[in-house]
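A look at the structure
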Amino acid sequence: MAMMKIAKKAERALDRKKETEQKNRDTVLLILSVGFLVGGVLGCLLEGKLSTEHYIGQFFQQAAQMSIAPSLWREVWIVFRWPVAVILLSQLPLAGVTIPVVFFLRGFFLSYGIVALMEGMGLSGVLCAGVVFGPTCLLAVPVLFVLGTTGLLRKAESQPKGIPFFRRMVARLLGLALCVFLDQAVVPKLLGILLKALTMVSG
């Protein structure tokens, strides 16, 4: 009986620990989401105050000629700079402040670019924005949220560096690498085809 009571107490303690960890994880995810969304809203509002038609026009001209493919290293920098910033900041004392700021800036610049493309092309700009920012939104941003949550919870220090840990790291790296590949090799061609098709339809 005594052993059963001890086992039940240990089980309840473990359940409470898991529940607390889940609440902390939800709280951190909420903080990061709010920072990202506030940055996104501000980016949408600020884009309307600044004129970007000239730059957007040049971008679409180059895209129509399929000459906008960035260099590989530049694309690696564009995709990896945000996750690397979160990883580095998570090791510093003010991670609870700096990481949400990074998410605010990420949401701001992402929404600014999306809205600029949409306003530069009208309704068809929605399709263009989906092509240009699709890999980022589907691959890089989710990885950023995972890293941000892990960084704020300091899970990297408490989790054992075993096979599951390295599997998760490999999965995140593969997601970011796939984003680089799509942005480098697929997006420019797909955007050029889309713009030519829209030109033919409108013409």
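Everything here concerns the structure above.
Residues numbered from 1 in each chain as written. Predicted model: local features only at pLDDT ≥ 70, side-chain atom pairs only at ≥ 80, totals over all residues. Heavy atoms only, no water.

1. Overview of the nonpolar core
Counting residues in hydrophobic clusters, the biggest one holds 31 residues, and the most contacted among them are Val86, Ile99 and Phe103. Those elements giving two or more residues to this core turn out to be α1 (2-47), α3 (72-89), α4 (95-121), α5 (124-153) and α7 (163-202). Examining the composition of this core, we find that 11 residues originate from one element, α5, more than from any other. (Core = buried A, V, L, I, M, F, W, Y, C linked by side-chain atoms within 4.5 Å. Buried < 20%, exposed > 50% of the residue type's maximum accessible area, 1.4 Å probe, protein only. Helix = DSSP H or I, 4+ residues; strand = E, 2+ residues; numbered from the N terminus.)

2. Considerations on α3
Along its 18 residues, α3 runs 25 Å from first to last C-alpha, staying within 8% of the 26 Å computed at 1.5 Å per residue. Phe80 marks where α3 bends most, by close to 45 degrees; the proline Pro83 follows one to four residues later. For α3, every residue scored as buried is listed here: Glu75, Val79, Trp82, Pro83, Val86 and Leu89. (Expected span 1.5 Å × (residues − 1). Bend = angle between axes of the 7 residues up to and from the residue.)

3. Section: a nonpolar patch on the surface
Together, Leu94, Val97, Val101, Leu105 and Phe109 make up a nonpolar patch on the protein surface, roughly 450 Å² of accessible area in all. Assignment of secondary structure puts Leu94 in the loop between α3 and α4. Exposure remark for Leu94: the relative accessible area of 59% places this residue in the exposed category. (Patch = residues over 30% accessible without salt bridge, like charges linked within 9 Å, V, L, I, M, F, W, Y side chains within 5 Å. Areas by Shrake-Rupley, 256 points an atom, 1.4 Å probe, with all protein chains shown as cover. Salt bridge = Lys/Arg side-chain N within 4 Å of Asp/Glu carboxyl O.)

4. What to know about the packing of aromatic side chains
Under the defined criterion, the tally for this structure stands at 5 aromatic pairs. With a centroid separation of 5.5 Å and 65 degrees between ring planes, the pair formed by Phe36 and Phe145 is classed as edge-to-face. Placement of Phe36 in helix α1 and of Phe145 in helix α5 is noted, with a sequence separation of 109 residues between them. Here Phe145 falls in the buried class, since its relative accessible area comes to 14%. For the ring pair Trp82 and Phe109, a centre distance of 6.4 Å and an interplane angle of 45 degrees mean the geometry is tilted. (Phe/Tyr/Trp six-rings, centres within 6.5 Å; stacked < 30°, edge-to-face > 60°.)

5. Digging into the environment of Leu147
Relative to the assigned elements, Leu147 resides in helix α5. Once the C-alpha coordinates of Leu147 and Ile99 are considered, the two residues, 48 residues apart in sequence, prove to be 9.9 Å apart. If sequence neighbours within four positions are ignored, Leu147 has contacts with Pro83, Val86, Ile87 and Arg172. (Contact = heavy atoms within 4.5 Å.)

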